[in-house]
There are 2 protein chains.
Amino acid sequence: MIIDCHGHYTTAPKELQKYRDAQIAALKDAKHAPSKGALAIRDDQIRESLENAQLRIQRERGTDLTIFSPRAGGMGHHVGNATTSRYWSEICNDLIHRVCTLYPDNFIGVCQLPQSPGVRPDNCIAELERCVNELGFIGCNLNPDPSGGYWTDPPLTDKWWYPFYEKLVELDVPAMVHVSASCNPNFHHTGAHYINADTTAFMQFITSDLFKDFPTLKFVIPHGGGAVPYHWGRYRGLAQDMGRPPLKELLLNNVFFDTCVYHLPGIELLLKVIPADNILFASEVVGAVRGIDPETGCYYDDTKRYIDAIDWLSAEDREKIFHGNARKVYRRFAARGAKR
Amino acid sequence: MIIDCHGHYTTAPKELQKYRDAQIAALKDAKHAPSKGALAIRDDQIRESLENAQLRIQRERGTDLTIFSPRAGGMGHHVGNATTSRYWSEICNDLIHRVCTLYPDNFIGVCQLPQSPGVRPDNCIAELERCVNELGFIGCNLNPDPSGGYWTDPPLTDKWWYPFYEKLVELDVPAMVHVSASCNPNFHHTGAHYINADTTAFMQFITSDLFKDFPTLKFVIPHGGGAVPYHWGRYRGLAQDMGRPPLKELLLNNVFFDTCVYHLPGIELLLKVIPADNILFASEVVGAVRGIDPETGCYYDDTKRYIDAIDWLSAEDREKIFHGNARKVYRRFAARGAKR
């Protein structure tokens with residue numbers, strides 16, 4: 001079995017974007033209190049949006065199940081206020097739930113959170129509980145920078161986030177560290193902001209005792225861990241210079257990397273320096289890069305091919321990367337699997 | 001000959017920091033106009049600060065010459081205003097000039113710029129000219145985020161920077177893209193802010209026609225190019241999806257990476273995916289990581305060892321990386337070499 005731990009609903013029917021556009025337009029009208037409104041999308045539209053995209057790709061590439069969440073670039077936590085974010089998150093999460101209900105063998109849900117810059121993350125607890133307890137979701141995407149590129153909220157290691165972490169631990173679900181669109185012109189969203197956030201979060205974890213406070217809290221750092229594996233020596237060295245424990249001991253019980261790295265040499269490096277126990281297969285399809293690499297004739301984001309091409313990877317480690325670690329990190333997935 | 005293109009004067013006599021502390025303290029006193037003041041450091045203090053540090057390391061590791069600039073973390077462009085930055089840059093650059101005068105075979109200067117958030121980079125032209133024309137410097141460090149981690153100035157590809165680029169082209173000197181300390185608690189300076197800035201700048205270059213406007217402008221992206229080589233497939237794919245030319249054509253006449261990557265697998269990746277013509281040897285000693293890697297028994301930042309260990313690197317490419325490319329990018333170095 002192959003589990004892709006990182007897929008977003010980037011192909012949702014256009015009604016979703018229309019809802020969002022109307023929601024944003026309504027923000028300009030100060031006279032009216034915002035209302036949630038509703039989304040009218042039929043099941044056949046959902047089917048159509050997936051059949052020739054994520055589902056076709058699953059079949060073609062031989063992956064079985066995608067851990068699926070709303071479009072990351074669409075979360076837009078910097079837009080409006082906490083109420084805007086709440087309505088939008090509920091709409092997006094409900095849509096993911098419909099996908100998972102229509103295709104229970106192909107998708108399992110991870111939720112967007114109603115974060116808002118300057119608002120305590122406690123405000124996300126209700127939606128997390130609803131998604132996990134009522135919709136059967138197995139994790140969430142946590143945005144370390146709800147401002148969208150100005151980084152005005154406290155680091156992930158600040159007590160600011162602790163009540164939310166308590167709930168993650170209680171529900172036994174991990175968070176993927178994932179920013180949304182950038183409204184800062186310095187940062188291209190998929191080319192800089194995403195990768196920077198991954199790198200930033202990892203370095204925050206190095207400097208803190210977060211995992212002493214939450215020994216079972218788990219984070220997945222997407223996009224192959226940002227710059228981290230490439231600079232693994234730098235991170236080991238920085239931790240050592242600061243008198244921190246070795247990285248393995250300090251955070252590798254709690255921090256995991258996905259395989260969204262779109263060329264063979266990058267995947268080779270990842271598998272060489274990061275223990276196989278800490279790597280989860282992912283491709284982020286349909287995602288940031290959609291073309292075919294002229295150097296290989298294959299899709300850039302067909303990350304399974306790269307892993308398949310690495311002949312020194314043991315069968316045991318391959319199993320861990322393709323599904324074992326996902327079951328370990330997304331513990332509610334394992335529970336659900338056992339039940340079915 | 002081996003040229004290290006990235007060294008900072010991190011071991012300067014403590015009088016330098018005392019000067020800076022006094023300068024910062026004086027900012028609180030609104031009654032007095034700031035004065036430049038002076039720095040009293042003797043030649044023997046400078047010698048002492050280098051003999052058992054950068055010079056010892058050059059001898060031990062077999063490198064010959066370091067392209068040397070003021071401490072990057074100390075630039076602190078977010079502190080005070082443009083006048084603060086001007087005085088501080090002049091003091092720091094003059095000190096680098098003294099180092100280069102005392103040890104002309106070991107160091108050649110690159111300058112700090114008197115940048116200040118929200119101030120047009122034109123204000124750096126006079127100091128750049130002074131350093132290049134009067135002090136014999138061969139490049140500068142350009143900070144893409146003078147705010148120190150809030151990224152409030154325009155991207156490097158904005159016309160905001162163009163008058164400064166015109167001067168770089170006229171003087172025929174490259175800029176290393178290098179941020180300073182982060183005053184944003186989200187970003188550890190050497191572990192996140194530096195690496196993020198490298199990644200960010202590269203992605204800015206992909207999305208613009210900067211090098212059509214300035215075909216001879218040259219940038220060195222330090223720290224092995226941030227996350228870029230690790231995600232080379234992502235960047236090739238993003239450019240392709242956006243209808244941009246292949247990266248080689250789009251920017252590899254103008255953008256170069258140094259080798260400040262502190263483990264063998266990272267250096268292997270860099271040399272595998274980035275053309276040898278675009279890689280300049282560097283170690284950033286005495287810099288971000290000062291310890292010995294227990295896995296190898298060698299200093300993390302002894303990057304020459306990693307390159308020496310790569311047996312598939314051709315002699316020709318090795319020469320390019322160790323000195324040929326530095327002479328090509330820092331064209332005033334070549335001119336100076338010819339003269340001596």
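Up top is the structure.
This section reports on the structure supplied with the text. (Residues numbered from 1 in each chain as written. Chains lettered and ligands numbered in written order. Predicted model: local features only at pLDDT ≥ 70, side-chain atom pairs only at ≥ 80, totals over all residues. Heavy atoms only, no water.)

## Re the packing of helix α1 (residues 14-27) of chain B against helix α5 (residues 82-102) of chain B
Residue and element names in this part refer to chain B. Contact geometry of α1 with α5 gives a least axis separation of 11 Å together with a crossing angle of 175°. If you check the angle between α1 and α5, you find them roughly antiparallel. Touching Leu16, Tyr19, Arg20, Gln23 and Leu27 of α1 are Thr84, Tyr87, Trp88, Ile91, Cys92 and Leu95, all from α5. Residues of the contact of α1 with α5, tallied by class, amount to eight nonpolar, two polar and one charged. (Axes fitted to C-alpha atoms, helices over the stretch in contact; angles between N-to-C directions. Helix = DSSP H or I, 4+ residues; strand = E, 2+ residues; numbered from the N terminus. Parallel < 35°, antiparallel > 145°, perpendicular 65-115°, else oblique. Contact = heavy atoms within 4.5 Å. Nonpolar A, V, L, I, M, F, W, Y, C, P; charged D, E, K, R; others polar.)

## A look at the packing of aromatic side chains
By the definition in use, this model includes 32 aromatic pairs over all chains. For the ring pair Phe205 of chain A and Phe219 of chain A, a centre distance of 4.8 Å and an interplane angle of 20° mean the geometry is stacked. Here Phe205 of chain A is found in helix α7 (residues 189-206), whereas its partner Phe219 of chain A is found in strand β6 (residues 219-221), with 14 residues between them in sequence. This pair shows no difference in class: Phe205 of chain A is buried, exactly as Phe219 of chain A is. Arranged with centres 6.3 Å apart and planes meeting at 80°, the rings of Tyr103 of chain B and Phe107 of chain B form a pair that is edge-to-face. (Phe/Tyr/Trp six-rings, centres within 6.5 Å; stacked < 30°, edge-to-face > 60°. Buried < 20%, exposed > 50% of the residue type's maximum accessible area, 1.4 Å probe, protein only.)

## A look at the interface of chain B and chain A
With 60 residues of chain B at the interface, the matching set in chain A holds 60 residues. Of the roughly 4,600 Å² buried at the junction of chain B and chain A (both faces included), carbon and sulfur atoms supply 53%. Counting the surface chain B buries against chain A, the share from its top three residues, Asn186, Tyr230 and Arg234 of chain B, is 19%. At the junction of chain B with chain A, the criterion picks out six salt bridges. The shortest N-O distance in the salt bridge between Glu295 of chain A and Arg236 of chain B comes to 3.5 Å. Counting residues per element, the ones that place at least two in the side of chain B that touches chain A are α8 (189-206), α10 (232-241), α12 (264-273) and β9 (292-293) of chain B. Here the side of chain B that touches chain A is composed, by residue class, of 30 nonpolar, 20 polar and ten charged. (Buried area = accessible area lost by both parts, 1.4 Å probe. Salt bridge = Lys/Arg side-chain N within 4 Å of Asp/Glu carboxyl O.)

## A look at helix α5 (residues 125-134) of chain A
Ile125, Glu127, Leu128, Arg130, Cys131 and Val132 of chain A are the residues of α5 of chain A that are buried. Phi for Gly136 of chain A, located one or two positions after α5 of chain A, is positive at around 75°.

## Some thoughts on the side chain of Asn278 of chain B
All names here are of chain B. Secondary-structure assignment places Asn278 in the loop between α12 and β8 (279-280). One polar contact links the side chain of Asn278 to the main-chain carbonyl oxygen of Val255, over a distance of 2.9 Å. Not counting residues within four places of it along the chain, the set of residues in contact with Asn278 comprises Leu252, Val255, Phe256, Phe257 and Asn325. (Polar contact = N/O pair within 3.5 Å; in protein donor to acceptor, adjacent residues only side chain to side chain.)

## Overview of the pairing of strand β2 (residues 65-70) of chain A
Residue and element names in this part refer to chain A. In terms of residue burial, β2 counts as a mostly covered element, since six of its six residues are buried. Two strands pair when backbone bridges link them, and β2 and strand β3 (residues 107-109) are joined in this way by three bridges, in the parallel orientation. Within the sheet, the bridge partner assigned to Ile67 lies in β3 and is Ile108. Handedness of the crossover is the feature at issue here: the chain leaves β2, passes through helix α4 (residues 82-102), returns alongside β3, and the resulting connection is right-handed. (Pairing = 2+ DSSP bridges. Right-handed = clockwise from strand over helix to strand, strands pointing away.)

## Quick look at the sheet that holds strand β2 (residues 65-70) of chain B
Residue and element names in this part refer to chain B. In space, the three strands of this open sheet follow the order β1-β2-β3, with parallel pairing throughout. Edge strands, defined here as strands with exactly one partner in the open sheet, are β1 (3-9) and β3 (107-109). With direction set aside, neighbouring strand axes in the sheet form an average angle of 35°.

## Quick look at the relation of the copies chain B and chain A
For the pair chain B and chain A, the relating rotation is 180°, the translation along its axis is 0.0 Å, and the fit reaches an RMSD of 0.0 Å. The transformation just described matches what one would write down for a two-fold rotation axis. Of the C-alpha atoms belonging to chain B, the one lying closest to the rotation axis is found on Ala227 of chain B, 2.1 Å away. When the interface residues of chain B are mapped onto chain A, 100% of them again fall at the interface, so both copies present the same face. (Least-squares fit on C-alpha atoms with pLDDT ≥ 70 in both.)

## Some remarks on the state of the cysteines
Applying the stated criterion to the full structure yields zero disulfides over all chains. Looking at Cys100 of chain A, it has no disulfide partner, and the nearest cysteine sulfur is the one in Cys131 of chain A, 10 Å off. The thiol of Cys183 of chain B is unpaired, and the distance to the nearest cysteine sulfur, on Cys124 of chain B, comes to 18 Å. The exposure class of Cys183 of chain B is partly exposed, given its relative accessible area of 36%. (Disulfide = S-S within 2.5 Å.)

## What about the pairing of strand β7 (residues 255-258) of chain B?
Residues and elements named next belong to chain B. Covered by surrounding structure in β7 are Val255 and Phe257 together with Phe256 and Asp258, the residues of both alternating faces. Strand direction decides the pairing type here: strand β6 (residues 219-221) and β7, joined by three bridges, are parallel. Residue pairing for β7: Val220 is matched across the bridge by Phe256. Pairing analysis gives two bridges linking β7 to β8, with the strands arranged parallel. Bridge pairing links Asp258 to Leu280 in β8. A crossover connection joins β7 to the parallel β8 through α12; in handedness this β-α-β unit is right-handed.

Treat this as a map of the structure, not an account of what it does.
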